[in-house]
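Take a look at the letters that make up each chain.
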Amino acid sequence: MESAAYALDILSRLQFLGFCAGLKIPDPASSHPSEVFDAVLAAFLREVYPGKRDTRPLPAALGDGRRVDLLRLFSAVRAAGGYVTCSAGAWAGAAESAVLAAPVKILYAKYLGALDRWIQRLPEAERPSEEKEEPSLDCNGRGQQDMVLKRKREDMAGMLDWVRGVAESVSEEGAMAAGLADGYFPAALAVREAVSRKRARRASVANGALSQEVSCKCCRSTTSAKIDVLCTKKHGLLVQHAGSDTNDLTKVLQNMNGSAMVIEHESNLNGQWKHECKKQLNSSDGWHFTSHKRTKIPVGSSYQAHVPQWSDVPPENYDDPETLKWLGTKLWPLKNENKVALVDCDPIGKGREDICSCNFPRSVECVRFHIAERRLQLRRELGSAFYVWGFDRMGEEIALSWTDEEEANFKAVMQMYAPSPERNLWDRLHLSFRLKRKKELVSYYFNCFLLRRRCYQNRITPRKIDSDDEEETEFRFLGNSLGQSATKYDSTKQTICIQSTNCMDLDQ
Amino acid sequence: MAASGEGVSLPSPAGGEDSRRRRVSYFYEPTIGDYYYGQGHPMKPHRIRMAHSLVVHYGLHRLLELSRPFPASEADIGRFHSEEYVSFLASATGNPTALDPRAVKRFNVGEDCPVFDGLFPFCQASAGGSIGAAVKLNRGDADITVNWAGGLHHAKKAEASGFCYVNDIVLAILELLKFHRRVLYIDIDVHHGDGVEEAFFTTNRVMTVSFHKYGDFFPGTGHITDIGAGEGKHYAVNVPLSDGIDDATFRDLFQCIIKRVMDVYQPEVVVLQCGADSLAGDRLGCFNLSVKGHADCLRFLRSFNIPMMLLGGGGYTIRNVARCWCYETAVAVGVEPDNKLPYNDYYEYFGPDYNLHIQPRSVENLNTTKDLENIKNMILDHLSTLEHVPNAQFHERPSDPEGPEEKEEDMDKRPAQRSRLWSGGAYDSDTEDPENMKSETNELTANSILKDDSNDDL
């Protein structure tokens, strides 16, 4: 709602942040809300960009002279989730709400960017009731924290750029001032403080002063680009290690000429990191590779292996059973079996032929047929080795010993408990499948369940594939266990192409 | 620019004149894929089974000797690890309430190294494979031995670490040391090979060389100035790298450093830990190597014609781990497999492209030319200290008055007593059809990686 009260609320929040201290709006009830907003904005911009008043004349107008209602624009963008979300593709909607057909993004950035960033810093509780309906578009229902973190990441990257800029052009006041406008200076100070605290803690860990319970796992050693909110809570760090898909935080040390302001180098290299990040938020222990931090290699009989002196005399009895047992059980080549079958085999190293005579090449059914065909050939070639090597326990054929109901049940339990932070998935599976041993469940998981998930991902979300994220449960099996009916084709009717509701990313 | 063919050529053992062919012995425990670290844990032994499936479906088994490993006993494992630790591992079951919390803390099990069902048999299979691989090399039964279930390089003498419980590599090297005077250990896992370095930190009979990400990264050791101690000083090499290193950069650095290592150290056998978490897109790693780039290390080492052991290690994007180790098995036997994967039991894991090779990501290589120059120079400097006294470091310790006088050993030949037990020729001459075998290609530069836009793993 773009009422004067909304504009005044913005003012009160700015005052909370330390801007527009003495500003009072005369008779706000009788003024047009957008004028009230323009006044607040003008005061704010004066403080944020000292000496640059002329570049942002108010009221804002387009090239053709039409006035822009900044209040409406600001409100529309906030309702759509803020500047960052809109940058992800919602500008058209925001523009429409603000009744504008102009390049709103540039306009927004110029006039309202700084305001947007500052307002976003305020915790949720400070927001007025009107804004509670604000949908968080990129949260996937996982809560506000992802949004906050995402913003913080963007801020962090911006702040770093600013610090570098300042370092490279020390004499330019403009660079400094711009950073002040975006709140970079306090953020930079916070980072410096956090890093020096982290260093102090590291030094004490290296001396063995901290026991395992006291020190925080995430601080001692982390893989790159992990955000750990719990670490923040424990140690009061103001800044998490942040990264984003496209930005790196690089060592500022060189630029800062030995200043204590060092931002550790972190970077994100793949989209799976996002999942790691979200997992961090949800679970209390990610895979941090905890370590007893020992930067100095210990020396002593408790650490080194005993290496005898070299002797020219070889060991005796290297042919004795004690030694020969290490050769293990020879599985291949076989003694006399199946020499004939080898003649028909494909050349070594040959891959697949992509051309086949299936009705629907490369469909789920086609693939399953060829895999079965290949396995049959292998069985003929290997003979008993096929079973000894465990090929009879590999792949989707495992599912043949499971009923449809059991499979559906497995999937249901996975969907319910795989994302749960309690890590009780396997207990739950055990409860649901009392007659199956855990080994059987694990085998089904890797040989069938994950395989089918990948099958789905390959066809429906080919740009978003993951063989290793255990929490991903949004998928369905294509076809039944034998691959039939994966694609239904009714020859009596004409085929019509309709947009797939499952396909989420083929157009990107 | 060919990536192979460079290297000091030492006289090859009998039967190895054809540089394309090697006798390769491969250890595989058929139940290894059934072991499960637990919900959400990134280490998945299932990847070894996936790799094996690819190896077999490509027909590579026809050029391999395949063996099921003998499970190492507590006593065998105790050749390196402490007795209390081994007995703890042997008795630990998956039931969390049965564990003594003090022992859990003391031996560092619980989080990264959970106690899971079948933990000890898993360790036994892993260690058994590596020790078996060592015995094969000692006996001269093979030129290259492979154990993808091994390579667990973080385990320490009395504690688990980084998903590793029993350090199969140390056990294997101890076995190799019975027949080889100098063993070279090379580690291309993205994490520092701390367990192996620590075990051999004070000896000159094992030189450990590790290429790894350094800086706010597990395990935190592996600084360039860690060069060993005591008699082992200058026999540990650490190459600390930053994120995003690519094939070309890695290859230059690797070849330059390893060539010098080979020159000055002249190892008799090489152990290569092929941790696949240095591949692009790894769940925990941060490098940007393709499968070809990763395998270039093996290819380069192979050209030196020295007996070699290949071990597994890290690797947490399991579809890429399987691709990598399958391809490296092919390189070991001297075959260049087709990029289009054959239909196999885990085919769908490899979609939507279903190709063997992967594309590096478009990420920044944070290793600047200057950084790399500095690293290279520093390491070559360290290594040059070994050149000045070419024989001194191999002398017996002077404090041992009873020791035999050191003879001028001819480092190029194996002593006559260790005559070969195997007479030559491939394992099964019927299966070797030279017309069917693909010739080894030398075109291994980044340019030769298939450009496939549809392979866009996220």
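Each chain has its residues counted from 1, following the order in which its sequence is written. In the order they appear in the text, chains get letters beginning with A and ligands get numbers beginning with 1. pLDDT decides what is reported in this predicted model: residues at 70 or higher carry local features, side-chain atom pairs at 80 or more are listed and counted, and totals for whole chains, interfaces and linings draw on all residues regardless. For side-chain calculations, the full set of non-hydrogen atoms in the structure is used, while hydrogens and water are omitted.

Right, let's get into the pattern of salt bridges. Any Lys or Arg side-chain nitrogen located within 4 Å of an Asp or Glu carboxyl oxygen qualifies as a salt bridge. Inspection of the entire model under this criterion finds 34 salt bridges over all chains. In this structure, arginine 62 of chain B and glutamate 381 of chain A form a salt bridge, with 3.5 Å as the shortest nitrogen-oxygen distance. One end of the pair, arginine 62 of chain B, is in the loop between helix H1 (46–57) and strand S2 (64–68); the other, glutamate 381 of chain A, is in helix H13 (residues 364–382), on a second chain. Residue glutamate 336 of chain B pairs with arginine 299 of chain B through a salt bridge whose shortest N-O separation is 3.6 Å. Of the two residues, glutamate 336 of chain B is situated in the loop between helix H10 (318–333) and helix H11 (369–387) and arginine 299 of chain B in helix H9 (residues 291–302); the sequence distance between them amounts to 37 residues. Relative accessible area serves as the criterion here: at 3%, arginine 299 of chain B is assigned to the buried category. Connected through salt bridges with shared partners, the residues Arg368, Glu396, Glu407 and Arg452 of chain A form a single ionic network. Strands are runs of DSSP state E lasting at least 2 residues, helices are runs of H or I lasting at least 4, and numbering of each runs from the N terminus. Burial here depends on accessible area, computed with a 1.4 Å probe over protein chains only, as a share of the maximum for the residue type. Under 20% is buried, over 50% is exposed, and the range in between is partly exposed.

For the rest of this paragraph, the subject is the interface of chain A and chain B. Interface size, as often reported, equals the accessible area lost upon joining of the parts. Any two residues having at least one pair of non-hydrogen atoms within 4.5 Å are treated as being in contact. At the junction of the two partners, chain A supplies 115 residues and chain B supplies 129 residues. Between chain A and chain B, the buried area comes to about 11,100 Å², and carbon and sulfur atoms account for 55% of it. On the chain A side of the contact with chain B, Trp310, Trp326 and Ile348 of chain A bury the most area, a combined 9% of that side's loss. Along the contact surface separating chain A from chain B lie 8 salt bridges. Among the elements of the structure, helix H8 (184–206), helix H11 (272–282), helix H12 (321–324), strand S1 (329–332), H13, helix H16 (425–432) and helix H17 (438–460) of chain A are those that each provide at least two residues to the side of chain A that touches chain B. For the side of chain A that touches chain B, the leading source of residues is H17 of chain A, giving 13 residues. By definition, the buried area sums, over both parts, the 1.4 Å-probe accessible area that each loses when the two are put together.

Below, the discussion takes up the state of the cysteines. What makes a disulfide is a covalent bond joining the sulfur atoms belonging to two cysteines. Residues and elements named next belong to chain B. Any pair of cysteine sulfurs within 2.5 Å is marked as a disulfide. Evaluation of the coordinates by the stated rule reveals 0 disulfides over all chains. Take cysteine 123: it sits in no disulfide, and the sulfur closest to it among the cysteines is that of cysteine 164, at 9.4 Å. A residue is classified by how much of its surface remains accessible, and cysteine 123, at 3% relative accessible area, is buried.

By themselves, these observations are geometric and do not establish any function.
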